[in-house]
Every structure is written in C-alpha cells, then in structure tokens.
Amino acid sequence: MKLYYTPGACSQSPHIVLRESGLKFELEKVDLRSHKTEKGADYYSINPKGYVPALQLDNGQVLTEGPAIVQYIADQKPETKLAPTAGSFERARMQEWLNFIGTELHKTFSPMFNPAIAPEAKQAALDKLSKRFEFVAKHLEGKQFLLGEHLTGADTYLFVVLSWAKNMGPDIAQWPSLKAFHERVSARPAVKAALEAEGLLKS
C-alpha cells in the first residue's frame, strides 16, 4: 500500500494508524500547491479531489477520505483494536466521533488556513472551536481515549486536529483532559515514528 500525504495535514491520522497496525506501506509526499507528488506525478491523476490523504492499494485501487481509510486499515488487522468490530454499536460510536471531528472540528479550522479570511469570520470559527473543544474535553474526563481504553482511528484524527490548535486555534492547555490526551497520544512510538517520517518531530 502507498499513502499519499502532506506533513501535518489530516493525512497524518491514517499515517499513524498504518504504523500502529504494523502493516507494510510506502509514503509519498504531496505538494498541495502544485498538486505534484515528490516523484513528480500529477496528484489529480491519483486523487481527482486534489487533497490528501489517498491510500493506493496493492491491487491499484485508491481509497480517499481519512475516516474511510483508517477504518479500512483497522479492519485489515482486527487484533490491534484500532476499530471496534464492524456492525457493532461501538463501531457506530467510533463513526460518530469520526464524523464529529471531520465536520465540527476539522472543517471549523478551514478559515485559519485562509489568509484572505475576514478577522470576524476567523474569530467566529475560534469561538465555535472553543465550544466544541469543551464538549470533547468533558467526554475525555476519566478516559484514556474517545472509546475508552483502546486507541482507535478516531483518536488519531482528534490528535491531528488538536495539534493544529498549537499555532492557529484555542490553547488546549485550558482543558486539562484535552492536553493530557494529546500528550498521551504524542508519547506513542507509532506517533513519534509518523512525526519523524513527516519531518515534524522536534528534538
């Protein structure tokens, strides 16, 4: 398998899950401005949507959208418990979190990445993020991870989004459970390996 990624982007979530799974994979970096891969390929020819992540399977098929990719990877190695069993209530709960993170956290960060956005729109997004972070923080009180004791693809997605807050969002230090969660996930060997591979691990 090959994961097309951009350092620090949402593609980091499936990157971490791949490392947690122990599956063999390759990485190919994508420049989202030129839409060229590091090997010179036109990224639109791989993923017509133009954004990361994309997972190219051994049979040539390409899967896109982070929540779909992390579930696919997890299902290849069910013993890792990176996703609850398909069809179970807990699986639906994980999908609930993946949807929430994607629509209420990830997309709310969009104005922060746009230098042309009006200050009022940026502040409105920050206010909304604070409310959503408050909700997640309350849920995480007394828990290791979103679904309890096992890290899942939803946790890796949350980890990435919380990482963006360091430079362009609400300070997560005001929510001890969020800060502790981020530190707990950061300490995992697979996460450190992913950050190092993306050139983001600070010495």
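Residues numbered from 1 in each chain as written. Predicted model: local features only at pLDDT ≥ 70, side-chain atom pairs only at ≥ 80, totals over all residues. Heavy atoms only, no water.

- Per an unreviewed UniProt entry, the protein goes by Glutathione S-transferase and derives from Stigmatella aurantiaca.

Quick look at the domain arrangement of the protein
So, step 1. Considered domain by domain, the protein is made up of domain 1 (2-80 + 190-198) and domain 2 (89-188).
So, step 2. Counting residues at the interface gives 15 residues for domain 1, matched by 16 residues for domain 2.
So, step 3. Regarding the contact of domain 1 and domain 2, the summed buried area is about 1300 Å², with carbon and sulfur atoms giving 61% of it.
So, step 4. Of all residues in domain 1, Cys10, Gln71 and Val191 bury the most surface against domain 2, accounting for 33% of the area lost on that side.
So, step 5. Counting every contact that joins domain 1 to domain 2 gives two salt bridges.
So, step 6. Note that Arg188 and Glu20 form a salt bridge whose closest N and O atoms lie 2.7 Å from each other.
So, step 7. Here domain 1 and domain 2 share 10 residue pairs in polar contact (both at pLDDT 80 or more) between them.
So, step 8. For the side of domain 1 that touches domain 2, the secondary structure elements donating two or more residues are α1 (12-21), α2 (66-76) and α7 (189-197).
So, step 9. If one sorts the elements of the side of domain 1 that touches domain 2 by residue count, α1 sits on top with five residues.
So, step 10. Taken together, the residues of the side of domain 1 that touches domain 2 sort by class into eight nonpolar, four polar and three charged. (Domains from an automatic or database assignment. Contact = heavy atoms within 4.5 Å. Buried area = accessible area lost by both parts, 1.4 Å probe. Salt bridge = Lys/Arg side-chain N within 4 Å of Asp/Glu carboxyl O. Polar contact = N/O pair within 3.5 Å; in protein donor to acceptor, adjacent residues only side chain to side chain. Helix = DSSP H or I, 4+ residues; strand = E, 2+ residues; numbered from the N terminus. Nonpolar A, V, L, I, M, F, W, Y, C, P; charged D, E, K, R; others polar.)

Quick notes on the layout of surface pockets
So, step 1. Of the volumes computed, that of the largest pocket is approximately 1600 Å³.
So, step 2. In this structure, the largest pocket is lined by 48 residues; those nearest its centre are Gly8, Ala9, Cys10, Val160 and Trp164.
So, step 3. Those elements giving two or more residues to the lining of the largest pocket turn out to be α1, α2, α3 (89-106), α5 (153-168) and α6 (176-186).
So, step 4. In this structure, the lining of the largest pocket is formed jointly by two domains, domain 1 (2-80 + 190-198) and domain 2 (89-188), each of which donates at least three residues. (1 Å grid on protein atoms, 1.4 Å probe; cavity = no way out; pocket = protein on both sides within 12 Å on 5 of 7 lines; lining within 4 Å. Points joined across faces, edges and corners; volume = space filled by probe spheres on them.)

Some words on the sheet that holds strand β1 (residues 2-5)
So, step 1. The strand order across the open sheet formed by five strands is β3-β2-β1-β4-β5, and the pairing between neighbours is mixed. Of all strands in the sheet, those bounded by a partner on one side alone are β3 (36-37) and β5 (62-64).
So, step 2. Where β1 lies against strand β4 (residues 54-56), three bridges are found, and the strand directions are antiparallel. Across the sheet, residue Lys2 finds its bridge partner in β4, namely Gln56.
So, step 3. Strands β1, β2 (26-31) and β4 of the sheet are contacted by α1, whose axis makes an angle of about 150° with β1. (Pairing = 2+ DSSP bridges. Axes fitted to C-alpha atoms, helices over the stretch in contact; angles between N-to-C directions.)

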